[in-house]
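# Observations on chain architecture
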Amino acid sequence: MSANVVFRPAMPDELPTLWSIRTQAARIQCAGHYPSNTLSTWLAAEPTENFHAYLERGHAIVVELDQQIIGYAVIDVGEHELEALFVAPEHFRRGYGAKLLVRAEQMARDEGIKTLGLSAALNAIDFYRAHGYELLEIDKLAHRSGVMLKRGVMRKSLRDISSVQ
């Protein structure tokens, strides 16, 4: 990774950029895992009010490369869940997702979360497994866009890393 990489809190006015990254990344990475019409309907959904609130409460972080946002992660503190983690397609497989995940987990720990859950798109299950998440089940979620999405329900215990050293 470049020396010009910065991780920082996401700002509410950055929501259009974050949503664009989500849509681009999911369109590429989820292709082949979901029918194209299902994927198109799902990705056409607008951000929720909750998503706005996560940004306003400081529960989201971005990674910038040369002052351009290239990825982000969001924690739903109330539900103890990783709500989102996406990296722009041109920066896939360079370690940014893993670094974002580490920072999101630390944010969760800082909020007192002991176990972090998430709903993984089918293509992301192996990524989360590689980072210590347990696959509890694969089920179907009735998404607000009206489609049914298979997903991996996952969780990870967030032990205090300072006590492990």
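Residues numbered from 1 in each chain as written. Predicted model: local features only at pLDDT ≥ 70, side-chain atom pairs only at ≥ 80, totals over all residues. Heavy atoms only, no water.

### Quick word on the packing of aromatic side chains
To be explicit about the condition: Between the rings of Phe, Tyr and Trp (Trp by its six-membered ring), a pair exists once the centres lie within 6.5 Å; its type follows the angle of the planes, with under 30 degrees stacked, over 60 edge-to-face, and the other angles tilted. Helix and strand assignments follow DSSP, with helices taken as H or I runs no shorter than four residues and strands as E runs no shorter than two, numbered in order from the N terminus. Throughout, exposure labels follow a simple rule: accessible area from a 1.4 Å probe, protein chains only, divided by the maximum for the residue type, with under 20% read as buried, over 50% as exposed, and the rest as partly exposed. Any Lys NZ or Arg CZ found within 6 Å of a ring centre and within 35 degrees of that ring's normal is scored as a charge over the ring.
In total, this model carries 7 aromatic pairs according to the counting rule given. Plain terms: the ring middles of Trp19 and Phe51 are 5.1 Å apart, the flat faces sit at 75 degrees to each other, and that makes the pair edge-to-face. A residue pair is termed long-range when its members are at least 10 positions apart, and Trp19 in helix H1 (residues 15-29) and Phe51 in helix H3 (residues 49-56) qualify at 32 residues. Look at Phe51 and you get buried, because its relative accessible area is 4%. With a centroid separation of 5.0 Å and an interplanar angle of 80 degrees, the aromatic rings of Phe127 and Tyr128 are classed as edge-to-face. Clustering of aromatic rings is evident, with ring pairs tying together Trp19, Phe51, Tyr54, Tyr72 and Phe86. The ring of Phe7 has Arg103 lying over it, and the distance from NZ or CZ to the ring centre is 3.7 Å.

### Considering the side chain of Glu105
Rule in force here: Here, two residues are considered to be in contact whenever any of their heavy atoms come within 4.5 Å of each other.
Tracing the chain through its elements places Glu105 in helix H4 (residues 96-110). Once residues within four sequence positions are removed from consideration, Glu105 is found in contact with Leu116, His131, Tyr133, Lys156 and Leu158.

### Observations concerning the nonpolar core
Spelled out, the test is: Residues enter a nonpolar core if they are buried and are Ala, Val, Leu, Ile, Met, Phe, Trp, Tyr or Cys, with the set joined through side-chain atoms within 4.5 Å.
Counting residues in hydrophobic clusters, the biggest one holds 27 residues, and the most contacted among them are Ile75, Leu82, Leu116 and Tyr128. Listed by contribution, the elements that provide at least two residues to this core are strand S2 (60-65), strand S3 (68-76), strand S4 (81-87), H4, strand S5 (115-121) and helix H5 (125-130). In terms of residue count, H4 provides more of this core than any other element does, 6 residues in total. Counting residues in hydrophobic clusters, the runner-up holds 26 residues, among them Ala25, Tyr72, Val74 and Val147.

### Describing the sheet that holds S4
The criterion, for reference: Should DSSP find at least two bridges between two strands, the strands are regarded as paired. Between N-to-C directions, angles cover 0 to 180 degrees, with each direction set by a line fitted to C-alpha atoms, over the stretch in contact for helices.
One open sheet holds the 7 strands; their spatial order is S1-S2-S3-S4-S5-S7-S6, and the pairing between them is mixed. At either margin of the open sheet sits one strand with a lone partner, and together these are strand S1 (5-9) and strand S6 (134-142). Averaged over all pairs of adjacent strands, the angle between strand axes in this sheet comes to 25 degrees, irrespective of strand direction. Bridge analysis of S5 against strand S7 (residues 148-157) gives 7 bridges, and the strand direction is antiparallel. Within the sheet, the bridge partner assigned to Gly117 lies in S7 and is Arg155. Strands S2, S3 and S4 of the sheet are contacted by H1, whose axis makes an angle of about 90 degrees with S3.

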